[in-house]
Amino acid sequence: MSLAEYASENRLHRVGARPSLFRYLSEAWTRRDFAVAMARGKIEASNQRNRLGMLWIFIKPTLNALMYGAIFGILQGANRPENFPMYVVIGVFLFEFFATSMNNGAKSITGNGALVQSLAFPRITLPVSTVLQNLMTLVPMLAVMFIYILILGAPISVEWLLIIPLVAIFTVFNLGVALIAARLTVHVRDLTQLLPLVTRILFYTSGVLFAIDRILASHPWAVRIFDFHPLHEILSIARGILMPGMDYDPMYWLYFSVWSVAVFLAGVLFFWVAEERYGRVD
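Every value quoted in this text rests on a predicted model; they were computed, and no experiment measured them.

> For this particular structure, what's the right way to read the overall build of the protein?
For the protein, the count of helices and strands is 14 helices and 0 strands. Reading the helices (α) and strands (β) of the protein from amino to carboxyl end gives α-α-α-α-α-α-α-α-α-α-α-α-α-α. The C-alpha extent of the protein, read off along each of the three principal axes, is 80 × 45 × 40 Å. Going through the 282 residues of the protein one by one, you find that 46% of them count as buried.

Quick look at the structure:
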């Protein structure tokens, strides 16, 4: 009997070997406390490094909203959407959640090389922890966003509660994106240099700062394409929920839910397939 046959007969597995998908996800679930603790630890460490601490969580998107709102408000002129300040605040605050999930998720494996090489655990917990960290950061950001839109004239509505399932779906989508980016960065380290450019392209092409139907009014085919742009869909839903008089296609809920599930499943499978590769990260 060969050594390989003996190992198989006695259920012995090579160190670092990739487990089955079901077993892999089960092991990741048992380590959920580790993912949550790591997310909280990173938030605390980040706050300790910065003199203003948690205030930076609110200052950054606020300054971005003011800067981009002023510049693009002037550039768009009559094409500005109604309630433009509110429109920009919602777009910038929610896009920040996506951008940080993708960019930080991409570094979740390569940025924790010592941890990956020294301990045995499902590596998927690292990008999951990153997205959890960003979700924990988003919660107080949403509170500030609500205060801003109240100041800007939006009345409180029971429809605002829909932001809870919307954020849940958004988190699933961002987790799938983070998993895909995490694996790609392991194979192509230079991808981290390109991600800021990708983020900017998505920022300027997802309707964060302008109304698609106004800017592209003379190109109805292009407007129709944006109906299937996931980031445009979620921003449209959020604005429809929070802004008075802002309409959106209810089918966007279905479209974005499909996007989220598809991206999440693709991300899990894509990440799991390369599990053995992560232990060799340097």
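> For this particular structure, what's the right way to read unusual backbone geometry?
With the exception of glycine, the majority of residues adopt a negative phi angle, and the majority of peptide bonds are in the trans configuration. A positive phi angle, near 55°, is found at Asn83, a position not held by glycine. The residue Asn83 is located in the loop between α4 (55–76) and α5 (84–106) in this model. For Asn83, a relative accessible area of 35% puts it in the partly exposed group.

> Quick question: what am I supposed to make of helix α13 (residues 251–273) here?
Residues that lie three or four places apart on an α-helix share one face, since the helix turns once every 3.6 residues. Across its 23 residues, α13 extends 33 Å between first and last C-alpha, which sits within 8% of the 33 Å expected from 1.5 Å per residue. On its buried face, α13 sits against α2 (21–30), α7 (125–151), α8 (163–187), α12 (230–242) and α14 (275–278).

> How do you make sense of the nonpolar core when you look at a structure like this?
A general feature of soluble globular proteins is that nonpolar side chains tend to end up buried together. Core analysis: the largest hydrophobic core is formed by 56 residues, its most contacted members being Ile90, Phe170, Leu209 and Leu242. If you list the elements that add at least two residues to this core, you get α4, α5, α7, α8, α9 (191–205), α12 and α13. Looking at this core element by element, the count peaks at 15 residues for α5. Not counting the four nearest positions on each side in its chain, Phe170 is found in contact with Leu94, Phe97, Phe98, Leu231, Ile234 and Phe256. If you look at the next biggest cluster of nonpolar residues, it comprises 20 residues, including Met38, Ile124, Ala178 and Phe271.

> What should I look at first to understand the packing of aromatic side chains in this one?
Think of a pair of aromatic rings as described by two things: how far the centres are apart, and how the planes are tilted against each other in angle. In the structure shown here, the tally under the stated rule is 13 aromatic pairs. Summarising the aromatic geometry, the rings of Phe95 and Phe203 are spaced 5.2 Å apart at their centres and angled 75° between planes, so their arrangement reads as edge-to-face. Here Phe95, found in helix α5, pairs with Phe203, found in helix α9; they are 108 residues apart in sequence, far enough to count as distant. Given a relative accessible area of 5%, Phe95 falls into the buried group. Given the relative accessible area of 4%, Phe203 is considered buried. Relative to Tyr204, the ring of Phe203 has its centre 5.3 Å away and its plane inclined at 85°; by these criteria the two rings are edge-to-face. Taken together, the ring pairs in this structure connect Phe95, Phe97, Phe98, Phe170, Phe173, Phe203, Tyr204 and Phe256 into an aromatic cluster.

> Would you take a moment to explain the packing of α8 against α12 for this structure?
To describe two helices that pack against each other, one gives the angle between their axes and the distance between the axes. Packing of α8 against α12 leaves a shortest axis separation of 11 Å and a crossing angle of 165°. Between α8 and α12, the crossing angle belongs to the class labelled roughly antiparallel. The two elements α8 and α12 meet at a crossing, and its hand is left-handed. Along its contact with α8, which presents Ile163, Leu166, Phe170 and Phe173, the element α12 presents Pro230, Leu231, Ile234, Ile237, Ala238, Ile241 and Leu242.

> What am I meant to see in the environment of Leu94 here?
Mapped onto the secondary structure, Leu94 falls in helix α5. Separated by 47 residues in the primary sequence, Leu94 and Met141 have C-alpha atoms spaced 9.0 Å apart. For Leu94, the residues in contact, after removing those within four places along its chain, are Leu142, Phe170, Leu235 and Ala238.

> Could you clarify how one ought to interpret the environment of Leu179 in this entry?
Within the fold, Leu179 resides in helix α8. According to the relative accessible area criterion, Leu179 is buried, its value standing at 0%. In contact with Leu179, other than residues within four places in its own chain, are Ile124, Pro127, Gly267, Val268 and Phe271.

> Which parts of the structure should I look at to understand the packing of α5 against α7?
One can describe the packing of α5 onto α7 by two numbers: an axis separation of 10 Å at closest approach and a directional angle of 170°. By the angle between their axes, α5 is roughly antiparallel relative to α7. Here Met86, Val89, Ile90, Phe93, Leu94, Glu96, Phe97, Thr100, Ser101, Asn104 and Gly105 of α5 lie close against α7, whose contacting residues are Thr130, Val131, Asn134, Leu135, Leu138, Met141, Leu142, Val144, Met145, Tyr148 and Ile149. Among the residues forming the contact of α5 with α7, the class breakdown is 15 nonpolar, 6 polar and 1 charged.

> In this structure, what is going on with the pattern of salt bridges? I would like to understand it.
Here the idea is simple: oppositely charged side chains can pair when their charged atoms come close. Here the structure, examined in full by the defined rule, presents 2 salt bridges. One salt bridge connects Glu27 with Arg23, and the closest N-O pair in it is separated by 3.0 Å. Of this pair, Glu27 and Arg23 both sit in helix α2, 4 residues apart, which is roughly one turn of that helix. A relative accessible area of 24% places Glu27 in the partly exposed class.

> How should a nonpolar patch on the surface be read in this particular structure?
Taken together, Leu194, Leu197, Val198 and Ile201 make up a surface patch of nonpolar side chains, about 350 Å² in accessible area. For Leu197, the position within the fold is in helix α9. Overall, Leu197 belongs to the exposed group, its relative accessible area being 52%.

Criteria and thresholds
Residues numbered from 1 in each chain as written. Predicted model: local features only at pLDDT ≥ 70, side-chain atom pairs only at ≥ 80, totals over all residues. Heavy atoms only, no water. Helix = DSSP H or I, 4+ residues; strand = E, 2+ residues; numbered from the N terminus. Buried < 20%, exposed > 50% of the residue type's maximum accessible area, 1.4 Å probe, protein only. Expected span 1.5 Å × (residues − 1). Contact = heavy atoms within 4.5 Å. Core = buried A, V, L, I, M, F, W, Y, C linked by side-chain atoms within 4.5 Å. Phe/Tyr/Trp six-rings, centres within 6.5 Å; stacked < 30°, edge-to-face > 60°. Axes fitted to C-alpha atoms, helices over the stretch in contact; angles between N-to-C directions. Parallel < 35°, antiparallel > 145°, perpendicular 65-115°, else oblique. Left-handed = near helix turned anticlockwise from the far one by under 90°. Nonpolar A, V, L, I, M, F, W, Y, C, P; charged D, E, K, R; others polar. Salt bridge = Lys/Arg side-chain N within 4 Å of Asp/Glu carboxyl O. Patch = residues over 30% accessible without salt bridge, like charges linked within 9 Å, V, L, I, M, F, W, Y side chains within 5 Å. Areas by Shrake-Rupley, 256 points an atom, 1.4 Å probe, with all protein chains shown as cover.

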